[in-house]
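Summary of the model geometry
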Amino acid sequence: MRMIFVNLPVKDMASTRRFFSALGFTFNEQFSDEQAACMVVSDAIFVMLMVEARFQDFVNGKVGDPEKDTQVLTCLSAESRAEVDAFKAKALAAGAREWKPNIEFGPMYGCSFQDINGHVWEMMHMAQE
């Protein structure tokens with residue numbers, strides 16, 4: 001099975017862990033410490049959240065500022081429109097910021113927001129006929 005590891009720089013690990021925990025995510029503590037946290041999205045999808053100084057160890061050049069430039073759109077699937085709305089509500093209650101209005105495009109319905117570090121997250125329900 002192929003897995004994916006998204007790597008994102010964060011400003012403050014403790015507040016970042018609290019934010020994503022409020023959204024219902026868990027962490028694999030075997031691959032987490034005070035500088036990095038392995039957030040479990042599914043059995044095959046993980047997000048490595050790293051404080052900026054640790055993230056710098058893995059990149060050439062400087063670490064970009066997601067508050068100034070959009071670096072990536074991370075989109076997760078949803079089982080229903082209600083899940084999209086509930087996820088966005090949890091994110092906003094936990095400190096996320098609105099990014100774009102919810103979209104409805106044919107069979108797709110989704111939301112987007114910026115997490116507490118400025119990274120853009122989306123959740124999309126794609127109705128199957």
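Everything below is about the structure shown above.
The sections below set out a description of the structure shown in this document.

Basis of the calculations
Residues numbered from 1 in each chain as written. Predicted model: local features only at pLDDT ≥ 70, side-chain atom pairs only at ≥ 80, totals over all residues. Heavy atoms only, no water. Patch = residues over 30% accessible without salt bridge, like charges linked within 9 Å, V, L, I, M, F, W, Y side chains within 5 Å. Areas by Shrake-Rupley, 256 points an atom, 1.4 Å probe, with all protein chains shown as cover. Salt bridge = Lys/Arg side-chain N within 4 Å of Asp/Glu carboxyl O. Helix = DSSP H or I, 4+ residues; strand = E, 2+ residues; numbered from the N terminus. Buried < 20%, exposed > 50% of the residue type's maximum accessible area, 1.4 Å probe, protein only. Arc of directions from axis to C-beta. Polar contact = N/O pair within 3.5 Å; in protein donor to acceptor, adjacent residues only side chain to side chain. Phe/Tyr/Trp six-rings, centres within 6.5 Å; stacked < 30°, edge-to-face > 60°. Lys NZ or Arg CZ within 6 Å of the ring centre and 35° of its normal.

1. A word on a nonpolar patch on the surface
Together, Met-1, Met-3 and Phe-5 line one region of the surface with nonpolar side chains, adding up to about 380 Å² of accessible area. Topologically, Met-3 is positioned in the segment before strand E1 (4-10).

2. Re helix H1 (residues 13-22)
Turning to H1, its buried residues are Met-13, Thr-16, Phe-19 and Phe-20. What you see down the axis of H1 is that its buried residues fit within an arc of 125°, all on one side. By the N-cap criterion, in which a side-chain oxygen at the helix start approaches the backbone nitrogen of a residue two or three places on, H1 is capped by Asp-12, the distance to Ala-14 being 3.4 Å. Residue Gly-24 follows H1 closely and has a positive phi angle near 100°.

3. A short note on the packing of aromatic side chains
Following the criterion strictly, the structure yields 6 aromatic pairs and no others. For the ring pair Phe-25 and Phe-87, a centre distance of 6.1 Å and an interplane angle of 85° mean the geometry is edge-to-face. Of this pair, Phe-25 sits in the loop between H1 and strand E2 (26-28) while Phe-87 sits in helix H3 (residues 81-93), placing them 62 residues apart in sequence. An identical accessibility class is assigned to Phe-25 and Phe-87; each is buried. Geometrically, the ring pair formed by Phe-87 and Phe-113 is tilted, given 5.9 Å between the ring centres and 45° between the ring planes. On the criterion of sequence distance, the pair formed by Phe-87 in helix H3 and Phe-113 in strand E8 (residues 108-114) is long-range, its members being 26 residues apart. The same class applies to Phe-87 and to Phe-113, which are both buried. Among the aromatic side chains, those forming a connected cluster through ring pairs are Phe-19, Phe-20, Phe-25, Phe-87, Phe-113 and Trp-121. We note Arg-81 situated over the ring of Tyr-109; from NZ or CZ to the ring centre the distance is 3.9 Å.

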